[in-house]
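# A look at the structure
Okay, here's what each chain looks like letter by letter:
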Amino acid sequence: MSTTLLGIIAALGAFTVTTVLGFFMIPWLRKLKFGQTILDIGPKWHKKKQGIPTMGGIMFIIGVTVSFVAVYVTDYLTGKKIFPDGMATADYNKMRLWGGLIMALLFAFIGFMDDYIKVVKKRNLGLTIKQKTFMQLLVAVAYTTVLYYSGSAVTFIPFIGNVNLGWFFWIFAICVIYGAINAINFTDGLDGLCSSVTLTVAVSFIVMAAILKFTGMSILAAALAGGCAGFLVWNHYPAKVFMGDTGSLFLGGMVIALAFGINCPLILIPVGIIYIIEALSDVIQITYFKATHGKRIFKMAPIHHHFEMSGWSEVKIVSVFTTINLIGAVIGILCVWFG
């Protein structure tokens, strides 16, 4: 079975499982009263979203994981195209592949705890910042250890080549992981926004991983793309379900796993440009607010809320942001191809 066919099966499998789960999970979440709580500090018109089921990210977590594992096992039994026998770097690539997927699931578990406290315990803020930061850094350190011992200290930089970061890799990797996981979490604020943007990211990694001969990562990216597309069936405006932190932290973990999995974490700068813009807008808003004792640059942060408060519809914001990220994704692919 060819690797292209394996990727198609992974994408279709994740899409199908995620979509079908919506028919069962959304009514179940509604029955359990796992509804979204809309804070008063947000746009007033978001109040109509009060009670819409959250934690729907479980749908694509199951879809992506089940589909990829099924494809991997099928390949192992029928031909070993993902990691051919005799491949010198197979063990290292396997460590990055499975380490990345486990890391994403651990981040999803942190998100699940946060959502559970918000929804079931009725504490709007969920985990405290210290609790969440500690757990995220713990996962980041564990994953960085896996990366370091799988040879990822030698990092690919487009137009420069492979660079051995040595001990600095630990600081670099942990900062990138912590920053990226929270930046992607910021993007989850409008119907279909995070899943649409992440879909473009996943598609770009399918191509980039194929160019760099990381077959396993390309297939994992295909499963992620299928899961995001399947979730959009239920999450596009007007959303019937939200992913919650359970879903957004899983997506963050997957994007990080793919970036480090192809040994090119810096590619997240163009490929995840919307994530960066969202995070920077929040940092700039808070810094300026504190420095000026109450003044704001944006009407509301992250920046998607600024445009919403300026009169843009959710559909327009999602379309524009996804298009911008798609352009960044194309730039990322070109950097890998020519660099």
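For the structure given in this document, a descriptive report is provided here. Along each chain, residue indices are assigned from 1 in the same order as the chain's sequence is written. Only residues with pLDDT of at least 70 get local features here, since the model is predicted, and only at 80 or more are side-chain atom pairs given and counted; chain-wide, interface and lining totals rely on the full set of residues. Note that the side-chain values use all heavy atoms of the structure and ignore hydrogens as well as water.

Comment: elements are numbered from the N terminus, with helices defined as DSSP H or I runs of at least four residues and strands as E runs of at least two. Along its length, the chain carries twelve helices and two strands. Ordering the α and β elements of the chain from the N terminus gives α-α-α-α-β-β-α-α-α-α-α-α-α-α. Structurally, the chain occupies a C-alpha span of about 60 × 45 × 35 Å along its principal axes. Between buried and exposed lies partly exposed: a residue is buried under 20% and exposed over 50% of the maximum accessible area for its type, with that area taken using a 1.4 Å probe on protein chains only. Classification of the 339 residues of the chain by burial places 53% in the buried group. For the accessible areas, the method is Shrake-Rupley and the probe is 1.4 Å, while residue cover comes only from the protein chains on display. Of the roughly 15,200 Å² of accessible surface on the chain, 72% is carried by carbon and sulfur atoms.

The next thing to look at is helix H4 (residues 129–148). Helix span, as expected, comes to 1.5 Å for every residue beyond the first. In this model, H4 (20 residues) spans 28 Å end to end at C-alpha, consistent with the 28 Å of a helix rising 1.5 Å per residue. Contacts made by the buried residues of H4 are with helix H3 (90–119), helix H5 (168–186) and helix H8 (244–261). Contacts: residue pairs with any heavy atoms within 4.5 Å of one another.

Here a Phe, Tyr or Trp ring, Trp counted by its six-membered ring, pairs with any other such ring whose centre lies within 6.5 Å, and the pair is stacked when the planes are under 30 degrees apart, edge-to-face when over 60, and tilted otherwise. Tallying each qualifying case throughout the model produces 15 aromatic pairs. Between phenylalanine 60 and phenylalanine 231 the ring centres are 5.0 Å apart and the planes differ by 85°, which places this aromatic pair in the edge-to-face class. Taken together, the residues span a long stretch of sequence, with phenylalanine 60 in helix H2 (residues 57–78) and phenylalanine 231 in helix H7 (residues 215–235) at a distance of 171 residues. Each member of the pair, phenylalanine 60 as well as phenylalanine 231, carries the same accessibility label: buried. Following the ring pairs from residue to residue traces out a cluster consisting of Phe60, Phe231 and Phe250.

Time to look at unusual backbone geometry. Note the cis peptide between tyrosine 237 and proline 238, where omega equals -10°. The topology assignment puts proline 238 in the loop between H7 and H8. Cis rather than trans, the peptide bond between alanine 301 and proline 302 has omega equal to 0°. Within the element layout of this structure, proline 302 appears in the loop between helix H10 (273–291) and helix H11 (303–309). In this structure, phenylalanine 159 takes a positive phi of about 70° despite not being glycine.

Here the axes come from fitting lines to C-alpha atoms, over the contacting stretch only for helices, and the angles between their N-to-C directions go from 0 to 180 degrees. At a minimum axis separation of 7 Å, helix H1 (residues 3–31) and H7 run at an interaxial angle of 30°. Of the possible angle classes, the one that applies to H1 and H7 is roughly parallel. Every pair of crossing elements has a handedness; the one defined by H1 and H7 is right-handed. Between H1 and H7, the contacting residues are Thr3, Leu6, Gly7, Ala10, Ala11, Ala14, Phe15, Thr18, Thr19, Gly22, Phe23 and Ile26 on the first element and Thr215, Ile219, Ala222, Ala223, Gly226, Gly227, Ala229, Gly230, Phe231, Val233 and Trp234 on the second. Three classes are used, and their members are as follows: Ala, Val, Leu, Ile, Met, Phe, Trp, Tyr, Cys and Pro are nonpolar, Asp, Glu, Lys and Arg are charged, and the others, Gly among them, are polar. Here the contact of H1 with H7 is built from residues that sort into 14 nonpolar, nine polar and no charged. The cut-offs work like this: below 35 degrees is roughly parallel, past 145 is roughly antiparallel, 65 to 115 is roughly perpendicular, and the gaps in between are oblique. In a left-handed crossing the near helix is turned counterclockwise from the far helix by less than a right angle, and in a right-handed crossing that turn is clockwise.

This next bit is on the packing of H2 against H8. Running from amino to carboxyl end, H2 crosses H8 at an angle of 35°, the nearest separation of the two axes being 7 Å. The two elements H2 and H8 meet at a crossing, and its hand is left-handed. Together, Gly57, Ile58, Phe60, Ile61, Val64 and Thr65 of H2 and Thr246, Gly247, Phe250, Leu251 and Met254 of H8 make up the contact between the two elements. Tallied by class, residues from the contact of H2 with H8 come to seven nonpolar, four polar and no charged.

On to the pairing of strand E2 (residues 161–164). Any two strands between which DSSP finds at least two bridges are classified as paired. Relative to E2, strand E1 (residues 154–157) runs antiparallel, the two sharing four bridges. Bridging from a neighbouring strand, threonine 155 pairs with valine 163 of E2.

By secondary structure assignment, the location of serine 218 is in helix H7. Looking at serine 218, the relative accessible area reads 11%, which means it is buried. In contact with serine 218, not counting residues within four places along its chain, are Phe205, Ile206, Ala209 and Ala210.

Across soluble globular proteins, nonpolar side chains show a tendency to be buried alongside one another. Here, the term nonpolar core denotes a set of buried Ala, Val, Leu, Ile, Met, Phe, Trp, Tyr and Cys residues that are joined through side-chain atoms within 4.5 Å. Grouped together as the largest cluster of nonpolar side chains are 70 residues, with contacts concentrated most on Phe205 and Phe250. In contact with phenylalanine 250, other than residues within four places in its own chain, are Phe60, Ile61, Val64, Thr65, Ala104, Leu105, Ala108 and Asp245. Grouped together as the second largest cluster of nonpolar side chains are 21 residues, Leu127, Met135, Ile174 and Ile181 included.

Whenever a carboxyl oxygen of Asp or Glu lies within 4 Å of a side-chain nitrogen of Lys or Arg, that contact is scored as a salt bridge. Inspection of every chain in the model, using the stated rule, returns four salt bridges. In this structure, lysine 118 and aspartate 245 form a salt bridge, with 3.6 Å as the shortest nitrogen-oxygen distance. Highlighted residues: lysine 118 in helix H3 and aspartate 245 in helix H8, separated in sequence by 127 residues. Lysine 118 gets classed as partly exposed once you look at its relative accessible area, which sits at 25%.

Take a nonpolar patch on the surface next. Only residues whose relative accessible area exceeds 30% and that form no salt bridge are eligible for patches; like-charged ones are grouped when within 9 Å, while nonpolar side chains (Val, Leu, Ile, Met, Phe, Trp, Tyr) are grouped when within 5 Å. The grouping of Phe159, Ile160, Leu326, Val330, Leu334, Trp337 and Phe338 at the surface amounts to a nonpolar patch, some 820 Å² of accessible area in total. Tracing the backbone shows isoleucine 160 in the loop between E1 and E2.

The next thing to look at is the environment of threonine 155. Relative to the assigned elements, threonine 155 resides in strand E1. Owing to a relative accessible area of 3%, threonine 155 belongs among the buried residues under this scheme. Residues threonine 155 and lysine 94, 61 residues apart in the sequence, show an inter-C-alpha distance of 17 Å. Contacts of threonine 155, omitting those with residues within four sequence positions, involve Gly161, Asn162, Val163, Leu165, Phe169, Asn263 and Pro265.

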